[in-house]
Amino acid sequence: MSSQFRLLIIDDHSLFREGLARLLAAEPDFEIVGNCGHLADALDLLNREQVDLVLLDYDLETEQGSQFLEEIKRRESKPKVLMVTAGMTSTGMLTVMEEGASGIFLKHSPPGQLAEAIRRVMEGEMWLDPRTVKPVIASATQSAEHSHLESSLSVREKAVLKGVLEGASNKKIGANLHLSESSVKAALQQLFGKTGVRTRSQLVRLALERHSHDWLADKTA
């Protein structure tokens, strides 16, 4: 890639974030602007530097990543945010998605997959590890007959939506469903029209929100 993505890492474990910084700096299209252990330091750096994407840990010992999301919502220039975490409850996952996070990446995933996740997010997609959304997907399937939205979707649209929730690209969804990429894109446009959203990210957030509240009332991932 010809352009570089400017990245900021926020994690309270210095060994992890410094190792991650070295790992990502080896990628030709990534530039590490800084790495911080506290939100105040990160926000101060954002005042001085242009940042395209923030890799944000959810649990920062005495702080939570959701606080950072609340802070940057008030800023004119807003970097994308990819949560990089050891794990989250479904309540926490839903909260950060509603607050504007562009995805959730699990720390024990392969390092090379993180570079892919960053590039996908920077292209406007959303990254969701299947392990983080599996309970929500299961809940959506179980409650389908009770949902007005689900009842209005075709079998193909439901299958494409499930693929989106699993974090699959259009190409992968098409391969899994034996559809062309253009057919997947057409199904996505139909989903946008039926849900009233305009982007893939908005569709994911809406689907997670609509299908998880009942389930979240008495369970966590």
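Within each chain, residue numbers correspond to sequence positions counted from 1 in written order. Note on the predicted model: pLDDT of at least 70 is required for a residue's local features to be given, and 80 or more for side-chain atom pairs to be given and counted; whole-chain, interface and lining totals, by contrast, use all residues. Think of the side-chain values as coming from all heavy atoms in the structure, minus any hydrogens and water.

Asks: Explain the packing of helix α2 (residues 39-48) against helix α3 (residues 65-72) to me, using residue names and the numbers behind them.
Replies: Comment: axis = line fitted to C-alpha atoms, over the contacting stretch for helices; angle = value between 0 and 180 degrees taken between N-to-C directions. A run of DSSP states H or I qualifies as a helix once it reaches four residues; a run of E qualifies as a strand once it reaches two. Both are numbered from the N-terminal end. Between α2 and α3, the shortest axis-to-axis distance is 11 Å and the interhelical angle comes to 30 degrees. Between α2 and α3, the angle is such that the two are roughly parallel. Handedness of the α2/α3 crossing: right-handed. Seen from α2, the contacting residues are L39, A42, L43 and L46; seen from α3, they are Q67, F68, E71 and I72. Residues were grouped as follows: Ala, Val, Leu, Ile, Met, Phe, Trp, Tyr, Cys and Pro as nonpolar; Asp, Glu, Lys and Arg as charged; and all remaining residues, including Gly, as polar. Of the residues in the contact of α2 with α3, the class split is six nonpolar, one polar and one charged. Comment on the angle field: the value is read as roughly parallel under 35 degrees, roughly antiparallel over 145, roughly perpendicular from 65 to 115, and oblique elsewhere. Crossing handedness follows the turn of the near helix against the far one: under a right angle anticlockwise gives a left-handed crossing, and clockwise gives a right-handed one. It only takes one pair of heavy atoms within 4.5 Å for two residues to be counted as in contact.

Asks: Residue-level account of the environment of D57, with values.
Replies: On the secondary structure map, D57 appears in the loop between β3 (53-56) and β4 (59-60). The sequence separation of D57 and D11 amounts to 46 residues, and the corresponding C-alpha distance is 5.3 Å. For D57, the contacting residues outside a window of four places in its chain are I10, D11, D12, G65, M83, V84, T85 and K107. In this structure the side chain of D57 is engaged in a polar contact, spanning 3.5 Å, whose partner is the side chain of K107. Two N or O atoms form a polar contact when they lie within 3.5 Å of each other; inside protein one atom must be a possible hydrogen donor and the other a possible acceptor, and for residues adjacent in sequence the pair counts only when both atoms belong to side chains.

Asks: Could you give me a rundown of the pattern of salt bridges, with the residues and numbers involved?
Replies: Throughout this description, the term salt bridge denotes a Lys or Arg side-chain nitrogen within 4 Å of a carboxyl oxygen of Asp or Glu. Per the counting criterion, the structure on display carries 12 salt bridges. With its nearest N and O atoms 3.1 Å apart, the salt bridge here joins R6 to E31. Taken as a pair, R6 in strand β1 (residues 5-10) and E31 in strand β2 (residues 30-36) lie far apart in primary sequence, 25 residues in all. Classification of R6 by relative accessible area gives buried; the value is 17%. Classification of residues uses two cut-offs on accessible area relative to the type maximum, computed with a 1.4 Å probe and protein chains only: under 20% is buried, over 50% is exposed, and between them is partly exposed. What makes E31 partly exposed here is its relative accessible area of 31%. One salt bridge in this structure joins R119 and D29, with 2.8 Å as the shortest N-O distance. Note that R119 is positioned in helix α5 (residues 111-122) and D29 in the loop between α1 (14-25) and β2, a separation of 90 residues in sequence. Where salt bridges share partners, they join R6, E31 and E49 into one cluster.

Asks: How would you sum up the pairing of strand β6 (residues 80-85)? Please name residues and give values.
Replies: Taken residue by residue, a regular strand's side chains alternate between the two faces of the sheet. Taken across its six residues, β6 has five buried, putting it largely inside the fold. Criterion used throughout: strands pair if DSSP finds at least two bridges between them. Sheet topology places β6 next to strand β7 (residues 103-106); three bridges connect them, and they run parallel. From the neighbouring strand, T85 faces β7, where its bridge partner is L106.

Asks: Explain unusual backbone geometry residue by residue, including any values.
Replies: Even without being glycine, H178 reaches a positive phi, approximately 60 degrees. Tracing the sequence through the fold places H178 in the loop between α9 (170-177) and α10 (181-195). Under the relative-accessibility criterion, H178 is labelled exposed at 74%.

Asks: I'd love a proper account of the side chain of E157, names of residues and values included.
Replies: With respect to the helices, strands and loops of the structure, E157 is situated in helix α8 (residues 155-165). Given the relative accessible area of 3%, E157 is considered buried.

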